[in-house]
Amino acid sequence: VPVRNAGLKIAIDLLEPIKKAVPEISYADLYQLASIHGIEFGGGPKIPFKLGRKDVSAEDCTPDGRLPDANLRMGHLRDTFYRMGLTDREIIALSGAHTYGRAHSDRSGFPDKAWTTNPHVFDNAYFKELLANNNIELLRLNSDEALLDEAAMKKIVKDYAEDQNLFFKDYSAAHHRLSTLGTNLFQA
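All chains use their own residue numbering, which begins from 1 and follows the written sequence. Local features are withheld for residues below a pLDDT of 70 in this predicted model, meaning they are given only at 70 or higher, and side-chain atom pairs are given and counted only at 80 or more; totals for whole chains, interfaces and linings count all residues. Excluded from the side-chain calculation are hydrogens and water; included are all heavy atoms of the structure.

(A) How the structure looks around helix H2 (residues 27-41). Helix length check: H2, at 15 residues, gives a terminal C-alpha distance of 21 Å against a target of 21 Å (1.5 Å per residue), a fit within 8%. Against helix H1 (8-21) and helix H9 (164-179) lie the buried residues of H2. Only DSSP runs of H or I reaching four residues or more are called helices, and only runs of E reaching two or more are called strands; each is numbered from the N terminus. Looking one or two residues past H2, Gly-43 carries a phi angle of roughly 100°, positive in sign. Working rule for helices: expected span equals 1.5 Å times residues minus one. We call two residues in contact when some of their heavy atoms are within 4.5 Å.

Below, the structure written as structure tokens:
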């Protein structure tokens, strides 16, 4: 069974000096702000951001284990994201974040591999590589393969592979929507 998100502690620890320097920012805002700036730094789209997320106690958080299981396919992805009100298009756009970074076996349980040949750039290469399926050095999880299981889903993958601007537009909107769930301040 893979370890899930064991690498989050590394990121959280890196952000702690910022929180100490700016104690009035909530952790929720800080983590989201770091996320959007990291994506933009890697060449990705600008993602709307407003301060105002509130930190809550552990008892008020959703339980752990509600993230998608990368070993499962589209039905599970839908179960996970539909309960948040997200669409198939948003599921695919958010999956495109795999274009940036890599898996670390000590943190995820998956092989030390990237999804693209240049994991330091946020672009549409994930979708191109997913369709090409010709590089055994790249990581392909069941949850990645699931995006090709149905014709309608595969069409969206193709659209994103062919049009980075479309992927960026949809990714930015889906990321923003996901990051504002549970708030009453920002939903469009």
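Past the structure itself, the notes keep going.
(B) Quick peek at the pattern of salt bridges. Here a salt bridge means any side-chain nitrogen of Lys or Arg lying within 4 Å of a carboxyl oxygen belonging to Asp or Glu. In the structure shown here, the tally under the stated rule is 12 salt bridges. Salt bridges sharing common partners tie together Arg-78, Asp-88 and Glu-150.

(C) Geometry of a nonpolar patch on the surface. Nonpolar side chains (Val, Leu, Ile, Met, Phe, Trp, Tyr) are joined into patches within 5 Å and like charges within 9 Å, using only residues with over 30% relative accessible area and no salt bridge. Here, Shrake-Rupley sampling with a 1.4 Å probe gives the accessible areas, and only protein chains in the shown set may cover a residue. On the surface, Leu-8, Ile-12 and Tyr-31 cluster together to form a nonpolar patch covering roughly 240 Å² of accessible area. Within the secondary structure layout, Tyr-31 lies in helix H2. Whether a residue is buried, partly exposed or exposed follows from its accessible area with a 1.4 Å probe, protein chains only, as a fraction of its type maximum: under 20%, in between, or over 50%, in that order. A relative accessible area of 31% places Tyr-31 in the partly exposed class.

(D) Just the environment of Tyr-100, in detail. On the secondary structure map, Tyr-100 appears in the loop between helix H4 (88-95) and helix H5 (105-108). Since its relative accessible area comes to 26%, Tyr-100 is described here as partly exposed. Sequence separation between Tyr-100 and Tyr-126 is 26 residues, and the spatial gap between their C-alpha atoms is 8.4 Å.

(E) View of the packing of aromatic side chains. Ring geometry is summarised as follows: Phe, Tyr and Trp rings, the Trp one being its six-membered ring, pair when their centres sit within 6.5 Å, and such pairs are stacked at plane angles under 30 degrees, edge-to-face over 60 and tilted between the two. This structure, assessed with the given rule, holds 11 aromatic pairs. Judged by centre distance (5.7 Å) and plane angle (45°), the ring pair of Tyr-27 and Tyr-31 falls under tilted. Pair noted here: Tyr-27 and Tyr-31 are both in helix H2, with a separation of 4 residues, about one helical turn. Through a chain of ring-to-ring contacts, three or more aromatic side chains come together here, namely Tyr-100, Phe-122, Tyr-126, Phe-127, Tyr-160, Phe-167, Phe-168 and Tyr-171.

(F) Highlighting the side chain of Thr-99. Position of Thr-99 relative to the elements: it lies in the loop between H4 and H5. Taking the relative accessible area as the measure of exposure, Thr-99 reaches 0% and is therefore buried. At 3.0 Å, the side chain of Thr-99 and the side chain of Asp-123 are in polar contact. When sequence neighbours within four positions are dropped, the list of residues in contact with Thr-99 reads Thr-116, Asn-118, Pro-119, Val-121, Phe-122, Asp-123, Ala-125 and Tyr-126. Distance and chemistry together define a polar contact, namely a pair of N or O atoms within 3.5 Å, with one atom able to donate a hydrogen and the other to accept it when in protein, and with adjacent residues in sequence counting only for side-chain atoms on both sides.

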